[in-house]
Amino acid sequence: MNCFVKEQCKKYNKDKSCDTNDFCIKLFKLTQLYELSLLSDTQRIRTNLVLDSDLCDKDAFEELHDIEVNIVDFVTSGKNLFIYSSNVGNGKTSWSIRMIQSYLNKIWPESDLKCRCLFINVPRFLLSLKDSITNTSEYINHIKENVLDVDLVVWDELGVKSLTTYEHEHLLNLINTRLDKNKSNIYTSNIFGVELQEKIGERLYSRVNNMSKNIQLFGKDKRGITL
């Protein structure tokens, strides 16, 4: 059975099989929750993350694993996380997605079928936002309807480009409102410090940097590596 939850399924892990004729409430609910989160089919599958041989990210991985294990407390407490690195492909986005996966895997039994998390690739969001001025966008409408109230939002790839005034004010308003409502956010970026501040503006940078637990990764690009 092609089931993206099987690795976290006690039934599957026990007998290594699953009757495709059985209705699986866990698969049904998680499918709905993942669709509402805007994670793709590929992003729903748990990724194994690999440390470099020099173990340069060992402490960071341990901190991130601790957040992942305790993700419900992290989210319900309205905490925020900023994962950054000057290197690409070393786990920033994968870790942020694992936080969503872990949260949904923990809350699905009690959750109703509403949007609980959002994964927002910031460059795609800003491009779609501009296009939505003249063309209706289901993607933008879904985000606008849910972004202020969902439990957790991942803002992936901050600082890819310098923000226009319109983009800055829009992002600032969304993130600031979430922070005011004690809603949890995770940010990822390939730049940080002065460079990121110049890209996204001082006010937005202050909220991302000063109101989050900051974790830097140093490892090399691991895309394509599987374990």
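Just so it is clear, the structure is predicted and the values come from calculations on it, not from any experiment.

> Explain the sheet that holds strand E5 (residues 213-216) to me, using residue names and the numbers behind them.
Within the open sheet, the 5 strands sit side by side as E2-E3-E4-E1-E5. Their pairing is parallel. Both edges of this open sheet fall to strand E2 (117-121) and E5, since each of them pairs with a single strand only. The average angle at which neighbouring strand axes cross in this sheet is 15 degrees, direction not considered. Where strand E3 (residues 152-158) and strand E4 (residues 184-189) come together, 5 bridges link them in parallel fashion. Opposite Leu-152, over in E4, you have Ser-184 as the bridge partner.

> Help me get a handle on the environment of Leu-104, residues and values and all.
Structurally, Leu-104 can be placed in helix H5 (residues 92-107). According to the relative accessible area criterion, Leu-104 is buried, its value standing at 0%. On a C-alpha basis, the gap between Leu-104 and Ser-37 in space is 9.7 Å, while along the polypeptide they are 67 residues apart. When sequence neighbours within four positions are dropped, the list of residues in contact with Leu-104 reads Leu-30, Leu-33, Tyr-34, Arg-116 and Cys-117.

> An account of the packing of aromatic side chains is needed here, citing residue identities and associated values.
Tallied over the full model, the rule gives 3 aromatic pairs. With a centroid separation of 4.6 Å and an interplanar angle of 45 degrees, the aromatic rings of Tyr-84 and Phe-192 are classed as tilted. You can see Tyr-84 sitting in strand E1 (residues 80-84) and its partner Phe-192 sitting in the loop between E4 and helix H9 (193-200), a full 108 residues away along the chain. Taken together, the ring pairs connect Phe-82, Tyr-84 and Phe-192 into an aromatic cluster. The side chain of Arg-98 reaches across the aromatic face of Trp-95, ending 4.7 Å from its centre.

> Could you give an account of the environment of Cys-56, naming the residues involved and the relevant values?
Position of Cys-56 relative to the elements: it lies in the loop between helix H2 (25-37) and helix H3 (58-69). Sequence separation between Cys-56 and Leu-217 is 161 residues, and the spatial gap between their C-alpha atoms is 8.1 Å. Residues in contact with Cys-56, not counting those within four places in the same chain, are Phe-218 and Gly-219.

> A description of the nonpolar core should follow, citing residues and the corresponding values.
With 32 residues, the main nonpolar core has Leu-30, Leu-64, Leu-81, Met-99, Ile-100 and Leu-104 as its most contacted residues. Those elements that place two or more of their residues in this core are H2, H3, helix H4 (71-76), E1, H5, E2 and E3. No other element matches the 7 residues that H5 contributes to this core. Setting aside residues no more than four positions away along its own chain, Leu-30 makes contact with Phe-4, Val-5, Leu-104, Asn-105 and Trp-108. In terms of nonpolar packing, the next biggest core, distinct from the first, is built from 30 residues, Ile-143, Val-153, Trp-155 and Leu-204 among them.

> Outline the packing of helix H6 (residues 122-131) against helix H7 (residues 138-146), listing residues and values.
Between H6 and H7, the least distance of the axes is 9 Å, while the angle of their chain directions is 110 degrees. As far as their axial angle goes, H7 and H6 are roughly perpendicular. Packed against H6, whose contacting residues are Arg-124, Phe-125, Ser-128 and Leu-129, the element H7 presents Tyr-139, Ile-140, Ile-143 and Lys-144 at the interface.

> Talk me through the pattern of salt bridges; I want residue IDs and the actual numbers.
Tallied over the full model, the rule gives 9 salt bridges. Between Lys-181 and Asp-149 there is a salt bridge; the shortest N-O distance is 2.4 Å. Here the residue Lys-181 occupies a position in the loop between helix H8 (165-180) and E4, and Asp-149 occupies one in the loop between H7 and E3, the gap between them amounting to 32 residues. Residue classification places Lys-181 among the partly exposed residues on the basis of a relative accessible area of 39%. One salt bridge in this structure joins Arg-203 and Glu-169, with 2.6 Å as the shortest N-O distance. Separated by 34 residues along the polypeptide, Arg-203 in helix H10 (residues 202-210) and Glu-169 in helix H8 bring together distant segments of the chain. Given a relative accessible area of 42%, Arg-203 falls into the partly exposed group. Via salt bridges that share partners, Arg-46, Glu-68 and Arg-98 belong to a single interconnected network.

Cut-offs applied
- Residues numbered from 1 in each chain as written.
- Predicted model: local features only at pLDDT ≥ 70, side-chain atom pairs only at ≥ 80, totals over all residues.
- Heavy atoms only, no water.
- Pairing = 2+ DSSP bridges.
- Helix = DSSP H or I, 4+ residues; strand = E, 2+ residues; numbered from the N terminus.
- Axes fitted to C-alpha atoms, helices over the stretch in contact; angles between N-to-C directions.
- Buried < 20%, exposed > 50% of the residue type's maximum accessible area, 1.4 Å probe, protein only.
- Contact = heavy atoms within 4.5 Å.
- Phe/Tyr/Trp six-rings, centres within 6.5 Å; stacked < 30°, edge-to-face > 60°.
- Lys NZ or Arg CZ within 6 Å of the ring centre and 35° of its normal.
- Core = buried A, V, L, I, M, F, W, Y, C linked by side-chain atoms within 4.5 Å.
- Parallel < 35°, antiparallel > 145°, perpendicular 65-115°, else oblique.
- Salt bridge = Lys/Arg side-chain N within 4 Å of Asp/Glu carboxyl O.

Honestly, that's just the spatial picture; any functional story needs more than this.
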